[in-house]
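Residue strings, one per chain:
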Amino acid sequence: MTETARSETPAPQVSPNNPCPFLRALVAGNYVGGHIVPLPELTETIGRATGKTGWSGFVARAKIFVVAQGANGFGPVSQLRSLFRGAILDELRNGPLDKHGAGSRILDQHAVVHESEIERLASYGSDYTRPDGGVERGLSASQIKTFMAENFQRDASEHSTSWTILHYYYRVLMLGEWPVLLDIMGKGEGKDRYLSVDEVRTLFVERRFPDRIIALLNS
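Residues numbered from 1 in each chain as written. Predicted model: local features only at pLDDT ≥ 70, side-chain atom pairs only at ≥ 80, totals over all residues. Heavy atoms only, no water.

A. Spatial organisation of the overall build of the protein chain. Secondary structure assignment for the protein chain yields 11 helices and five strands. A compact globule built from 219 residues would reach a C-alpha radius of gyration of about 17 Å, and the protein chain, at 17 Å, matches this within 12%. For the C-alpha atoms alone, the extent of the protein chain along its principal axes is close to 50 × 40 × 35 Å. Counting the 219 residues in the protein chain, one finds 46% classified as buried. Considering only contacts in the protein chain between residues 6 or more positions apart, those separated by 24 or more positions represent 58%. Only carbon and sulfur atoms are counted for the fraction: they give 58% of the accessible area of the protein chain, which is about 11400 Å². Computing the positive centroid from 24 side-chain charges and the negative centroid from 25, the protein chain places the two 4 Å apart. (Helix = DSSP H or I, 4+ residues; strand = E, 2+ residues; numbered from the N terminus. Rg over C-alpha atoms; globule rule 2.2 N^0.38 Å. Buried < 20%, exposed > 50% of the residue type's maximum accessible area, 1.4 Å probe, protein only. Contact = heavy atoms within 4.5 Å. Areas by Shrake-Rupley, 256 points an atom, 1.4 Å probe, with all protein chains shown as cover. Lys, Arg positive; Asp, Glu negative; His and termini not counted. Charge placed at Lys NZ, Arg CZ, Asp CG, Glu CD.)

B. Quick peek at the packing of aromatic side chains. Applying the stated criterion across every chain, the model contains six aromatic pairs. On the numbers, 5.4 Å between centres and 65 degrees between planes, the contact of Y124 with F147 is edge-to-face. Pair noted here: Y124 is in the loop between α6 (115-123) and β3 (126-129) and F147 is in helix α7 (residues 141-158), with a separation of 23 residues, a long-range link. A residue is classified by how much of its surface remains accessible, and Y124, at 21% relative accessible area, is partly exposed. Overall, F147 belongs to the buried group, its relative accessible area being 0%. (Phe/Tyr/Trp six-rings, centres within 6.5 Å; stacked < 30°, edge-to-face > 60°.)

C. Layout of the pairing of strand β4 (residues 135-139). Pairing analysis gives four bridges linking β3 to β4, with the strands arranged antiparallel. If you follow T129 over to β4, its bridge partner there is V135. Sheet analysis places β4 next to strand β5 (residues 195-196), joined by two bridges and oriented antiparallel. The residue bridging L139 from the neighbouring strand is L195, located in β5. (Pairing = 2+ DSSP bridges.)

D. Region of interest: the sheet that holds β3. Strand order in this open sheet of three strands is β3-β4-β5, and the pairing throughout is antiparallel. Looking at the sheet topology across the chains shown, the edges are occupied by β3 and β5.

E. The arrangement of a nonpolar patch on the surface in detail. On the surface, V67, F74 and L97 cluster together to form a nonpolar patch covering roughly 280 Å² of accessible area. Structurally, V67 is set in helix α4 (residues 54-70). (Patch = residues over 30% accessible without salt bridge, like charges linked within 9 Å, V, L, I, M, F, W, Y side chains within 5 Å. Salt bridge = Lys/Arg side-chain N within 4 Å of Asp/Glu carboxyl O.)

F. The arrangement of α7 in detail. Between the first and last C-alpha of α7 there are 26 Å, a value that for 18 residues agrees with the 26 Å anticipated at 1.5 Å per step. By the burial criterion, the buried members of α7 are Q143, I144, F147, M148, N151, F152, R154, D155 and A156. (Expected span 1.5 Å × (residues − 1).)

G. Focus on unusual backbone geometry. Backbone geometry at A111 places phi at a positive 65 degrees, although glycine is not the residue there. Secondary-structure assignment places A111 in the loop between β2 (87-88) and α6. Residues other than glycine seldom take positive phi values, yet R207 does so here, at roughly 55 degrees. Position of R207 relative to the elements: it lies in the loop between α10 (197-205) and α11 (211-218).

H. Fine view of the packing of helix α2 (residues 21-28) against helix α3 (residues 39-50). Viewed as axis vectors pointing N to C, α2 and α3 meet at an angle of 100 degrees, and their least axial separation amounts to 12 Å. Classed by the angle they form, the pair α2 and α3 counts as roughly perpendicular. Between α2 and α3, the contacting residues are F22, L23 and L26 on the first element and L42, T45, I46 and A49 on the second. Broken down by class, the residue content of the contact of α2 with α3 amounts to six nonpolar, one polar and no charged. (Axes fitted to C-alpha atoms, helices over the stretch in contact; angles between N-to-C directions. Parallel < 35°, antiparallel > 145°, perpendicular 65-115°, else oblique. Nonpolar A, V, L, I, M, F, W, Y, C, P; charged D, E, K, R; others polar.)

So far we have only geometry, and geometry alone does not tell us how the molecule works.
Listed below in C-alpha cells is the structure:
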C-alpha cells in the first residue's frame, strides 16, 4: 500500500484485545489488518521496521516468525491455525504472550492508556542528548532492565499468596517487550542507545511510530 493510499484510508479501530502497542500502531497505520494477518506478511512488516538487512535481518525475521506463530497459543491446533492462516491480532488478550499485569501496565485490559504509568517509566530514565540536538527523557538498556525488574517485583508482591512458575514466565516475556522496543526505536548506538519516553507516549497514546520507523515501513 502506498503512503498516499494509506493516508486516504480511514484509520481502523484497534481491538482492545490486541494488547501489544507495536502491533496496535501497525494496525492503526494500516500496515497490517486488525484480525488475521498471515505470518509471512506480519514477519516482513515488522522486519522492515527493524531496519536490519542481510544476515542480521534474516535472524530478526526468524525470531519474529517464531514469536508470531505462538502468539495465539502453543497447542497443536493453535500452531497449525497460525501457520496456515496467520496470527489473530484481535485475540491476543489472555494469550500466551499476555503478562496479565506483570508488565508496565501502561495499557490496561480495556486498552486505556494510563499516563501515571508512563510517568513511572520516565522516573527510571535520565536526560539524553538527541542525535539532532536538544535533550529528552529516555531509558538505556540498563535502566530498562531495572524498570522491568521492578515491574516483576510489583506484580509478585501483589500475588504473594499465589506465587507460581507463571511469574518467572512473565519475566521471560518482558525480554520480548522493552528491550525489543529499544532495539527498534532506540536512538544512539551501543551503551549510549536510549528509548525516548516521548516516543513511547506517542506509540501508546496515538498509536503512531516515529517518522524514521514510518520511513522504514514504507520502504
